[in-house]
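Below, each chain spelled out in residue letters.
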Amino acid sequence: MAYIVINFAGDVLLAQAVKSYLSSLDLVSSIYMIPEGDEISISLEKNNERNGNRLIKEILRNYLDSHNLTRYKIMELENILTVGIPKKIEEISNLLMCEICGWRLNTEEELLVHRRTHWI
Ligand SMILES: [Zn+2]
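Residues numbered from 1 in each chain as written. Predicted model: local features only at pLDDT ≥ 70, side-chain atom pairs only at ≥ 80, totals over all residues.

K.L.:
Help me understand the overall build of the chain in this model?
P.N.:
Counting secondary structure elements, the chain contains 4 helices and 7 strands. Helices and strands appear in the chain in the N-to-C order β-α-β-β-α-β-β-α-β-β-α. Here the C-alpha atoms of the chain give a radius of gyration of 19 Å, more than 25% beyond the 14 Å that 2.2 N^0.38 yields for 120 residues. C-alpha extents for the chain along the principal axes are approximately 60 × 30 × 25 Å. Here the chain, with 120 residues, has 11% of them falling under the buried criterion. Nonlocal contacts in the chain, meaning residues at least 24 apart in sequence, comprise 42% of its contacts between residues at least 6 apart. (Helix = DSSP H or I, 4+ residues; strand = E, 2+ residues; numbered from the N terminus. Rg over C-alpha atoms; globule rule 2.2 N^0.38 Å. Buried ≥ 20, exposed ≤ 12 C-beta atoms within 10 Å, placed from the backbone. Contact = placed C-beta atoms within 7 Å.)

What follows is the structure, given as structure tokens:
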């Protein structure tokens, strides 16, 4: 049976809300979430499996829009659907930047390692 994983990027409350919403739908045959986790695994009734990801994306989009969560985006990456708010420019600019090529990094350490690539 095919599982669809939905990750909520650390938003545990939204994960719980969406879980109880999905549980109420007939097309979802089983649903699993680690307590206090931000990730749901669901499996669909057989006749809905083929278009599962697309179907779930539509359902999520409708759910988000009807709850005024329009800033949330649904991204699909290697069979995992991720629901979250894309980072704003200001948050990204908090990252460290390589002064040679403009590459952004999270830590001083990563920056030092990255800089070395320019010395080769
Ligand atoms: Zn660089």
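There's plenty left to go through after this.
K.L.:
Which parts of the structure should I look at to understand the pairing of strand E1 (residues 3–7)?
P.N.:
Here E1 shows a clear split, with Ile4 and Ile6 buried on one side and none of Tyr3, Val5 and Asn7 buried on the other. Pairing of E1 with strand E3 (residues 39–44), which is carried by 5 bridges, proceeds in the antiparallel orientation. From the neighbouring strand, Tyr3 faces E3, where its bridge partner is Ser43. Taken together, the 3 bridges between E1 and strand E5 (residues 80–84) define a ladder with parallel strand orientation. Across the sheet, Ile6 pairs through a bridge with Leu81, a residue of E5. (Pairing = 2+ DSSP bridges.)

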